[in-house]
Amino acid sequence: MRGRNIWFKGSIVPVEQANISVLSPTAQFGLNVFEGIRCYASGGNGQVFAFRIKEHFTRLLDSCKLMGMSFPYKTSDMRDYLIQTIRANDYHEDVSVRLTLFIDDEGSWSSEGPVEMFIAPLTKPRINVEAPPALSACISTWERINDNCFPPRVKAGANYINSRYAHLEAKRNGYDCPIFLGRNGKVTEGAGACLFMVRRGVLTTPGITSSILESITRSTVITLASGLGLQVLEREIDRTELYLAEELFLCGTAAELTPITSVDRVPVGCGRPGPVTMSLLRRYLDVVSNQVACYSEWLVPIY
Ligand code: PMP
């Protein structure tokens, strides 16, 4: 395996040399915020494009503000660091990047600094549209965190403890993934991805105040769907609507668009990835790899 270089506290080093104290607030209390960013190979000439990094940096700033962490860099510098890190690994294939701001040193859960950063890229191929995944989902018995205790809008490492409970329960019970309901009993999102349903022909997703992460892929899907002439609705979704939906899919930077073909063992539609999901997935993969000129402002070239 090729050695892996990561950006760590101001320099690019082999991953083995990127170490933090076991007493740091990030290690002890999960005091970190992060972004998962995808970069996609394009055109077969070694070029790779980072997707929607401006939006990722904006959300990272929001996460810092809500967590009481200072944001130590200019976003233009962060873009340069990200590019340098991928180049340092000579990656010319699809890449997934973890960019994390964390509280270092030996403070407590109330420490506001010092804030440090690492940028860790890893190769990760895109979904194969010819053989898309087809997930079995369950409604979790765990409730989604909400804005009055653990805001899902903050992309903090600690928020994933809630996702972990639901994910492990789903796996124990023989499902691929959970879907969370919120405090009000309405559908929220998956453990690490947002949710769309097609019901009576309308693409529908919970709104951004329904205990979800403000997902960048969710906003991309809404834009792409409108561009394809599809009606999109943001509204509350009941659990039983998931059993009656024609199509369901998760979306996220990592999930891209992943079809769900059953919920609580009830088949979704005909039990296979549906036509709306597949046409949006194809469109999404075309857009991220710079095949659709009108969305090229979302892409930043690495080379
Ligand atoms: N919800 C949760 C809980 C997530 O962890 C993610 C992954 N970041 C998403 C939604 C999707 O967000 P995005 O499209 O910005 O990756």
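Reading the values: rules and limits
In this numbering scheme, every chain counts its residues from 1 along its sequence in written order. Confidence filtering applies because this is a predicted model: local features only for residues at pLDDT of at least 70, side-chain atom pairs given and counted only at 80 or more, and all residues used for totals across whole chains, interfaces and linings. Heavy atoms from the whole structure form the basis of all side-chain values; hydrogens and water molecules are not counted. Using protein atoms alone on a 1 Å grid, points that fit a 1.4 Å probe yet trap it form a cavity, whereas open point sets bounded by protein on both sides within 12 Å along at least five of seven lines form a pocket; residues with an atom within 4 Å of a point count as lining. Grid points are joined across faces, edges and corners, and a volume is the space filled by probe spheres set on the points. Under the scheme used here, helices are H or I runs from DSSP no shorter than 4 residues and strands are E runs no shorter than 2 residues, and both carry numbers assigned from the N terminus. As used here, the term nonpolar core means buried Ala, Val, Leu, Ile, Met, Phe, Trp, Tyr and Cys residues forming a set that is joined through side-chain atoms within 4.5 Å. A 1.4 Å probe rolled over the protein chains alone gives each residue an accessible area, and that area as a share of the maximum for its type sets the label: buried under 20%, exposed over 50%, partly exposed in between. The source of the domain bounds is an automatic or database domain assignment. In what follows, a contact means two residues having at least one pair of non-hydrogen atoms within 4.5 Å. Accessible area that two parts lose when put together, evaluated with a 1.4 Å probe and summed over both, is termed the buried area. Here, a salt bridge means any side-chain nitrogen of Lys or Arg that lies within 4 Å of a carboxyl oxygen of Asp or Glu. The span you would expect from a helix comes to 1.5 Å times its residue count less one. Relevant arc is that of directions from the helix axis to the C-beta atoms, nothing else. Residues are grouped as follows: Ala, Val, Leu, Ile, Met, Phe, Trp, Tyr, Cys and Pro are nonpolar; Asp, Glu, Lys and Arg are charged; all remaining types, including Gly, are polar. What counts as a ring pair is set by centres within 6.5 Å for rings of Phe, Tyr and Trp (its six-membered ring), and what kind of pair is set by the plane angle: stacked under 30 degrees, edge-to-face over 60, tilted for all other angles.

A. The arrangement of empty space enclosed by the protein in detail. Taken as a whole, this structure holds 1 cavity of 30 Å³ or more when the rule is applied. Here the largest cavity defines a volume of roughly 30 Å³. In this structure, the largest cavity is lined by Glu246, Glu247, Leu248, Pro259, Ile260, Thr261, Val268, Arg272, Pro273 and Gly274. Mapped by element, the contributors of at least two residues to the lining of the largest cavity are strand E13 (247-252) and strand E14 (256-263).

B. Representation of the nonpolar core. In this structure, Leu82, Leu99, Leu101 and Met117 are the most contacted members of the largest nonpolar core, which totals 32 residues. Taken together, the elements giving at least two residues each to this core come down to strand E3 (32-42), strand E4 (47-51), helix H2 (53-67), helix H3 (75-88), strand E5 (95-103) and strand E6 (115-123). Judged by nonpolar contacts, the second largest core, of 29 residues, contains Phe49, Cys194, Val287 and Leu299.

C. Fine view of the domain arrangement of the chain. Per the domain assignment, the segments of the chain are domain 1 (5-123) and domain 2 (135-288). Distance between the C-alpha centres of domain 1 and domain 2: 26 Å. Tallying the contact residues gives 19 residues for domain 1 and 19 residues for domain 2. Both sides together, the interface formed by domain 1 and domain 2 hides about 1600 Å², and carbon and sulfur atoms give 62% of it. On the domain 1 side of the interface with domain 2, the three residues burying the most area are Tyr40, Phe51 and Arg59, jointly 37% of the side's total. Between Arg38 and Glu256 there is a salt bridge, and its shortest N-O distance comes to 2.9 Å.

D. Just H2, in detail. Counted at 1.5 Å a residue, the expected span for H2 with its 15 residues is 21 Å, and the 21 Å between its end C-alpha atoms agrees. Looking only at H2, the buried set comprises Ile53, His56, Phe57, Arg59, Leu60, Ser63 and Cys64. For H2, the angular spread of the buried residues around the axis is 160 degrees, confining them to a single face. Seen from the open side of H2, the exposed residues pointing more than 90 degrees away from its buried face are Lys54, Lys65 and Leu66. In this fold, the buried residues of H2 make contact with E3, E4, H3, E5, helix H5 (216-227) and strand E16 (299-301). Positive backbone phi, approximately 70 degrees, marks Gly68, located one or two places after H2.

E. View of unusual backbone geometry. Here the bond from Gly113 into Pro114 is cis, since omega is -5 degrees, no more than 30 degrees from zero. As for its position among the elements, Pro114 is in the loop between E5 and E6. If you check the backbone angles, Asp90 has positive phi at about 55 degrees while not being a glycine. Considering the arrangement of structural elements, one finds Asp90 in the loop between H3 and E5. For Asp90, a relative accessible area of 45% translates into the label partly exposed. Here Glu256, not a glycine, exhibits a phi torsion of approximately 50 degrees, which is positive. Structurally, Glu256 is set in strand E14.

F. Structural view of the layout of surface pockets. The volume enclosed by the largest pocket comes to roughly 860 Å³. If you go around the largest pocket, you meet 42 residues; those closest to its centre are Lys155, Tyr160, Gly192, Ala193 and Ala254. Of the residues in the lining of the largest pocket, the class split is 20 nonpolar, 12 polar and 10 charged. Of the volumes computed, that of the second largest pocket is approximately 280 Å³. Considering only residue class, the lining of the second largest pocket consists of 10 nonpolar, 5 polar and 1 charged.

G. A look at the packing of aromatic side chains. All told, the structure shown has 11 aromatic pairs when counted by the stated rule. A centroid spacing of 4.7 Å and a plane angle of 25 degrees characterise the contact between Trp7 and Tyr81, whose relative ring orientation is stacked. With a gap of 74 residues between them, Trp7 in strand E1 (residues 5-8) and Tyr81 in helix H3 connect regions that are remote in the sequence. Tyr81 shares its class with Trp7; the two are buried. The structure contains a cluster of three or more aromatic residues connected by ring pairs, namely Phe51, Tyr284, Tyr295 and Trp298.

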